[in-house]
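Below are the chains, spelled out letter by letter.
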Amino acid sequence: MSKLEKPYNAGENEQAIYNLWQENNCFAPVSAPQKYVVAMPPPNVTGRLHIGHALGSTIQDILVRFHRLLGEEVLYLPGTDHAGIATQAVVERELAKKGIKRFEMGRENFVQEVWQWKDKYHERIVEQLKVMGVSCDWSREAFTLSEQYNEAVYTAFARMHEKGLIYRGEYLTNWSVKGQTAISDDEVIYEDRPGKLYYIKYLLSHNVDQSIIVATTRPETMLGDSAIVVHPKDHRYKKLVGKFAKLPLVGREIPIISDNAVDKEFGSGAVKLTPAHDKNDWELGQKHRLAVINIINTFGKLNENVPDAYQGLKTSAAREKIVNDLDSLNLLEKVEEIKHRVGVSERYGDIVEPIISTQWFVKMKPLAQKAIEAVESGAIKIIPKRFEKIYFHWVNNIHDWCISRQLWWGHRIPVWTKGAQTYVGVKAPQDKNWIQDEDVLDTWFSSALFPFATLGWPNTKSSDYKKYFPTSTLETGYDIIFFWVARMVMMSLELTGKVPFETVYLHGLVRDEKGRKMSKSLGNIVEPVELSRQWGTDALRMALVMGTSPGGDVNFSPTRAKGYRNFANKIWNASRFVLSHVGKEVVPIEVKKLDIHNRGDLAQLNNLISDVTGLLNENNVALAGEKLYDWFWHTFADIIIERHKKILLDGKEEERLASRYVLWCILEKCLIMLHPFMPFVTETIWQEIPLGLRKGQKFLVNNKWPS
RNA sequence: GGACGAUUAGCUCAGUUGGCUAGAGCGUCUCGUUUACACCGAGAAGGUCGUAGGUUCGAGUCCUACAUCGUCCACCA
């Protein structure tokens, strides 16, 4: 009992306890009929642990530890994500500080640089995860850009290509000038920004004394206009439909057409159409078979398809010049200040430029149908249920997914060409002169394979894949339900024919105590590792998880951790008290021979056990934790221990024996049940308990859940 | 424009299928230094559960409308 001094000091014990578990291989799956498999959402390998990771890994770890205690064969599989665009953007930014550009460095050098980053920061994120106490099997740690994982990615690509689910084509895509890459629709974030709406006169071809006024926020794109569109029922313009207008500054004749897509009320009710540089215009252009005139290059500058005066100008400079030129020609009717939404690149922060380029796409419609059925049929259960609707809505309205990126950090596309020949496969063709596609895959393409690529797929005979796939529960934030969850479901059904997991548990966003998002600019970010140092990981875990419901955002105040630090101390002291009286072993007593009070105590314990077990089986982590907290403190410590205290001091020998037995029974069961929530204090205490009392159970992690 | 969530004590939130005389933590106040714990104990104050209707023997819980806040999706020339 020497080590059980007061008060409980988390800092002194946590690291040692984690090492103890690892050294004794406590997190490795132990063969059992019932499996429980959780794949950890892999954090960005160069990232640092934020409060959202802390919440997620706590919930995962609670479920995992619970099922391990139930005696199931538990695999909690960790990994990190190479996070293509995110990592590359960060490394580029760092290099830029030293005045180095990636194109000057060259591909090989740059990629090598990123690998060094990866090696350097990988350890940091892993250490931080361990601070949270995650009980995963590190011997199986995955990395989404490892050689083995790459084979899975290439196999997936090749098979889907063969089935026609992956195709290459020239389409309008979101282009980040800063990142020099295409990005998918999901990587575009829309922001409200102040802008200007320019009203421009286009003179009519058949009568140059008259004009039609179009309104636009992007006057510079007018040089690529193919038409003017009005609403078919707009009486102002009815007569003009079918006529032509003269494109100012260019002189080209463009038709005036009609389409229901136009909003009569907005601007002048007449829209200029630039199929090469606007998503809606692109679609309308396709519908009306209009010319696509590409005027902006990948560097965001006007190209040779515009009049000499504007060639080589950046779009912003071109806008200024065009507005001035129109004004001096008396073709600028007016300018309005408006607020409008602009698409911004999630990772590079620049305004997305829609341009035409050749990219690889995944055909989503055929995948979507199965993904819907999987949830409708109940093969996959989403918690909370309301997210099913959001999931259906997204999957139902899905567009093809642009998966090629003009980046260097990632899985290079497994396509080789030689003259007119194309080869798609897992390995490069043997003979010479084949050239591999320069682009890499969207990082989410590889993440989408995570639950099976980490278990040995495409080798479906590998023992891990056979034993542990499909996985049991996927726990993640609701913010990546589209990026990740839906895509995993689709890819898994397509490639393995199975659902990737049975249950999806979604947690919410961690906000500050006022309900604001945590952000650098607000200065309200809290570092989980800091909080763990201050109050202990057990306290942090409880503070994160208590009083939360699935899918609900958490307003997190660090002071809450203080309350649970106190609780850790409470467990500590209650244990000290009980253990100091119980001695080295305890004599079991039949329930029949116990008096009514003792029986009552044990009956209450049994109620608690069945409540907590039931709640955890329903994944109701917060309520289970609250029950334990409340009962342990306010029933066990405040009432039961207090009552027995008197008996232990001046009761008869027989009564004292009974008290010892009852107290030990309760303490033992409580320690086990509290363990998933507060693994460190409980294990620390367990290690101080005499072996006789422990019935040979060396570790609490691998103990048996009471029933 | 479409969908979803929230609204319960000063603050942050629980309240699982309607049984609540509405709970917890923190905070506030009073008392108490009793050898498990002051990172404690005993007790107190504090809520017409957003508003208005409805269903029901009974509604914080179900239904309808509204209000406020928040989130997501789509569109914004």
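Residues numbered from 1 in each chain as written. Chains lettered and ligands numbered in written order. Predicted model: local features only at pLDDT ≥ 70, side-chain atom pairs only at ≥ 80, totals over all residues. Heavy atoms only, no water.

**Q** I keep staring at the sheet that holds strand β15 (residues 381-383) and nothing clicks. Help me out?
**A** Sheets are built from strands that pair by backbone hydrogen bonding, the pairs being arranged parallel or antiparallel. Spatially, the three strands line up as an open sheet ordered β15-β23-β22, and their pairing is parallel. At either margin of the open sheet sits one strand with a lone partner, and together these are β15 and β22 (471-477). Going from strand to strand, the sheet's axes swing by 15 degrees on average, the running direction of each strand aside. Direction of pairing for β15 relative to strand β23 (residues 501-507): parallel, over a ladder of three bridges. Across the sheet, the residue bridging to I383 is Y505, located in β23. (Pairing = 2+ DSSP bridges. Helix = DSSP H or I, 4+ residues; strand = E, 2+ residues; numbered from the N terminus. Axes fitted to C-alpha atoms, helices over the stretch in contact; angles between N-to-C directions.)

**Q** Hey, could you run me through empty space enclosed by the protein in this one?
**A** Sizing a probe to match a water molecule and rolling it over the atoms shows the empty space that remains. Under the criterion given, the structure shown has three cavities of 30 Å³ or more. One number sums up the size of the largest cavity: a volume of about 40 Å³. If you go around the largest cavity, the residues you meet are L55, I59, Y505, H507, G508, T548, S549, P550, G552 and V554. At the level of secondary structure, the elements contributing two or more residues to the lining of the largest cavity comprise α2 (51-69) and β23. When grouped by side-chain class, the residues that make up the lining of the largest cavity number five nonpolar, five polar and no charged. (1 Å grid on protein atoms, 1.4 Å probe; cavity = no way out; pocket = protein on both sides within 12 Å on 5 of 7 lines; lining within 4 Å. Points joined across faces, edges and corners; volume = space filled by probe spheres on them. Nonpolar A, V, L, I, M, F, W, Y, C, P; charged D, E, K, R; others polar.)

**Q** Teacher, can you tell me more about the nonpolar core here?
**A** Soluble globular proteins tend to bury their nonpolar side chains together. Ranked by internal contacts, the top residues of the largest apolar core, which has 100 residues, are F556, L616, F632, F636, I666 and F677. In contact with L616, other than residues within four places in its own chain, are I62, L63, F66, V621, A624, F677 and W705. (Core = buried A, V, L, I, M, F, W, Y, C linked by side-chain atoms within 4.5 Å. Buried < 20%, exposed > 50% of the residue type's maximum accessible area, 1.4 Å probe, protein only. Contact = heavy atoms within 4.5 Å.)

**Q** Hey, could you run me through the sheet that holds strand β20 (residues 435-436) in this one?
**A** An order of β19-β18-β20 is seen for the three strands of this open sheet, with the pairing classed as antiparallel. Each edge of the sheet is formed by a strand with only one pairing partner; in this case those strands are β19 (421-424) and β20. Note: strand β18 (residues 415-418) against β19, four bridges, orientation antiparallel. Paired with W416 across the bridge in β19 is Y423. Packing of helix α6 (residues 147-162) onto the sheet brings it into contact with β18, β19 and β20, and relative to β19 it is tilted by some 125 degrees.

**Q** Please explain helix α15 (residues 528-535) as it appears in this structure.
**A** Side chains that are three or four residues apart share a direction in an α-helix, a result of its 3.6 residues per turn. For α15, every residue scored as buried is listed here: P528, V529, L531, S532 and W535. Taken around the axis of α15, the buried residues stretch over an arc of 160 degrees, which confines them to a single face. Turned more than 90 degrees from where α15 packs its buried face, R533 and Q534 sit exposed. In this structure, the buried residues of α15 make contact with α1 (10-23), α2, α5 (107-131), α16 (537-545) and α17 (559-582). Phi for G536, located one or two positions after α15, is positive at around 95 degrees. (Arc of directions from axis to C-beta.)

**Q** When you look at the packing of aromatic side chains in this model, what are you seeing that I'm missing?
**A** To describe a pair of aromatic rings, you give the distance between the ring centres and the angle between the ring planes. Per the stated rule, a full pass over the model turns up 36 aromatic pairs. Centroid distance F387 to Y478: 5.4 Å. Interplanar angle 20 degrees. Geometry classified as stacked. Of this pair, F387 sits in helix α10 (residues 386-396) while Y478 is found in the loop between β22 and α14 (481-495), placing the two residues 91 residues apart along the sequence. Look at F387 and you get buried, because its relative accessible area is 6%. Y478 sits in the partly exposed class, given a relative accessible area of 22%. An aromatic cluster is defined as three or more aromatic residues linked by ring pairs; in this entry it consists of Y564, F567, Y629, W631, F632, W633 and F636. For R102, the ring lying beneath its charged end belongs to W408, and the centroid distance is 4.8 Å. The positively charged end of K645 is found above the aromatic ring belonging to F577, 5.7 Å away from the centroid. (Phe/Tyr/Trp six-rings, centres within 6.5 Å; stacked < 30°, edge-to-face > 60°. Lys NZ or Arg CZ within 6 Å of the ring centre and 35° of its normal.)

**Q** Quick question: what am I supposed to make of the pattern of salt bridges here?
**A** If the charged atoms of two oppositely charged side chains come close together, the side chains can form a pair. A full pass over the atoms with the stated rule returns 39 salt bridges. A salt bridge links K118 to D119, with the shortest nitrogen-to-oxygen separation between them at 3.8 Å. In this structure D119 comes out as partly exposed when scored by relative accessible area, which is 49%. Of the charged contacts, one joins R487 and D186 as a salt bridge, the two residues approaching to 2.8 Å between their closest N and O atoms. You can see R487 sitting in helix α14 and its partner D186 sitting in the loop between β6 (181-183) and β7 (188-204), a full 301 residues away along the chain. By relative accessible area, which is 23% here, D186 ends up partly exposed. Within this structure, R218, E220, R319 and E353 form a network of salt bridges that share partners. (Salt bridge = Lys/Arg side-chain N within 4 Å of Asp/Glu carboxyl O.)

**Q** Sorry, what's going on with unusual backbone geometry here?
**A** Outside of glycine, negative phi angles account for most residues, and trans bonds account for most peptide bonds. Cis peptide bonds are those with omega within 30 degrees of zero, and the linkage from W457 to P458 qualifies with 10 degrees. With respect to the helices, strands and loops of the structure, P458 is situated in the loop between α12 (450-453) and α13 (463-468). Put simply, F469 and P470 share a cis peptide bond, and its omega is 0 degrees. Along the chain, the position of P470 falls in the loop between α13 and β22.

**Q** It is not clear to me how the layout of surface pockets should be interpreted in this structure. Could you clarify?
**A** For the second largest pocket, the calculated volume is near 350 Å³. Around the second largest pocket, the lining is made up of 16 residues, and of these E14, Q15, V131, S532 and T537 lie nearest the centre. For the lining of the second largest pocket, the element with the highest residue contribution is α1, accounting for seven residues. By residue class, the composition of the lining of the second largest pocket is five nonpolar, seven polar and four charged.

**Q** Looking at this structure, how should I read the protein's contact with RNA strand B?
**A** Surveying the vicinity of RNA strand B reveals 44 residues, the closest of which are A215, T216, V271, N280 and R341. In this structure, a sugar or linking oxygen belonging to RNA strand B sits 3.0 Å away from a side-chain N or O atom of N573. Within the contact set of RNA strand B, a sugar or linking oxygen lies 3.2 Å away from a side-chain nitrogen or oxygen of E626. Breaking the surface near RNA strand B down by element, the ones donating at least two residues are β8 (211-216), α7 (279-287), β13 (332-345), α10, α17 and α19 (621-650). Of the residues in the surface near RNA strand B, the class split is 15 nonpolar, 12 polar and 17 charged. (Near = heavy atom within 4 Å. Polar contact = N/O pair within 3.5 Å; in protein donor to acceptor, adjacent residues only side chain to side chain.)

**Q** Quick question: what am I supposed to make of the state of the cysteines here?
**A** Note: disulfide means a covalent bond formed between the sulfur atoms of two cysteine side chains. Within the structure shown, the criterion is met by zero disulfides. In this structure C670 is not part of a disulfide, and its nearest cysteine sulfur, from C665, lies 11 Å away. (Disulfide = S-S within 2.5 Å.)

**Q** Looking at this structure, I do not really get the pairing of β18. What am I missing?
**A** Note on strand geometry: in a regular strand, side chains alternate between the two faces of the sheet. Between β18 and β19, which follow one another and run antiparallel, lie two residues, and G419 among them has a positive phi close to 60 degrees. Examined bridge by bridge, β18 and β20 share two bridges and lie antiparallel to one another. What sits directly across from T417, in β20, is I435.

**Q** Help me understand the side chain of D225, please; the structure alone is not making it clear to me.
**A** With respect to the helices, strands and loops of the structure, D225 is situated in the loop between β8 and β9 (227-230). At a separation of 2.9 Å, a polar atom in the side chain of D225 contacts the side chain of K272. Setting aside residues no more than four positions away along its own chain, D225 makes contact with Y202, L247, R252, I254, K272, L273, T274 and I293.

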